[in-house]
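So the chains spell out like this:
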Amino acid sequence: MAAFTQEQIEQSAKDILVEFEDGFQFADIFKLVPKAMKIVEQVQGMSSEDKKTTAINLIDYVLDHVDVPGPDFIVTPIIKAVAPYVIEVIIAASKGEFGINVKS
Ligand SMILES: [Ca+2]
């Protein structure tokens, strides 16, 4: 399966958007990114590049439909720019790159 179509993005985003109806705070990026990643992780046969693309498209769609702190036209692009780095950190952490849980 290739990356999600716009229709699939919109359908998946609906479930996430409910949780941010009261507005989106900066720290919510750390809730939104894992939610998007969990959704794409459940898709069978999608390449990891398509999963990343789909996760980012999903995150961008959600961010376009929530009220972020301050003027959205300024702040939303900033949060969008941060999202891919959060994805990379989560992927790195899931591969055990930080060794935080390693017992000595
Ligand atoms: Ca706002």
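Refer to the structure printed above.
Residues numbered from 1 in each chain as written. Predicted model: local features only at pLDDT ≥ 70, side-chain atom pairs only at ≥ 80, totals over all residues. Heavy atoms only, no water.

Caption draft 1: Representation of the coordination of the calcium ion in the model. Surrounding the calcium ion are the protein donor atoms Asp-67 (OD), Val-68 (O), Gly-70 (O) and Asp-72 (OD), which sit 2.2 to 2.4 Å from the metal. Donor residues for the calcium ion sit on one chain with the sequence pattern D-V-x1-G-x1-D. (Donors = N, O, S within 2.8 Å, 3.2 Å for Na, K, Ca; no water.)

Caption draft 2: Broad picture of the packing of helix α3 (residues 48-64) against helix α4 (residues 72-94). Running from amino to carboxyl end, α3 crosses α4 at an angle of 145°, the nearest separation of the two axes being 10 Å. Every pair of crossing elements has a handedness; the one defined by α3 and α4 is right-handed. When α3 is examined against α4, the residues Lys-52, Ala-55, Ile-56, Ile-59, Asp-60, Leu-63 and Asp-64 are found in contact with a partner set consisting of Thr-76, Ile-79, Lys-80, Ala-83, Pro-84, Ile-87, Glu-88 and Ile-91. Looking at the contact of α3 with α4 residue by residue, the classes come out as 9 nonpolar, 1 polar and 5 charged. (Axes fitted to C-alpha atoms, helices over the stretch in contact; angles between N-to-C directions. Helix = DSSP H or I, 4+ residues; strand = E, 2+ residues; numbered from the N terminus. Left-handed = near helix turned anticlockwise from the far one by under 90°. Contact = heavy atoms within 4.5 Å. Nonpolar A, V, L, I, M, F, W, Y, C, P; charged D, E, K, R; others polar.)

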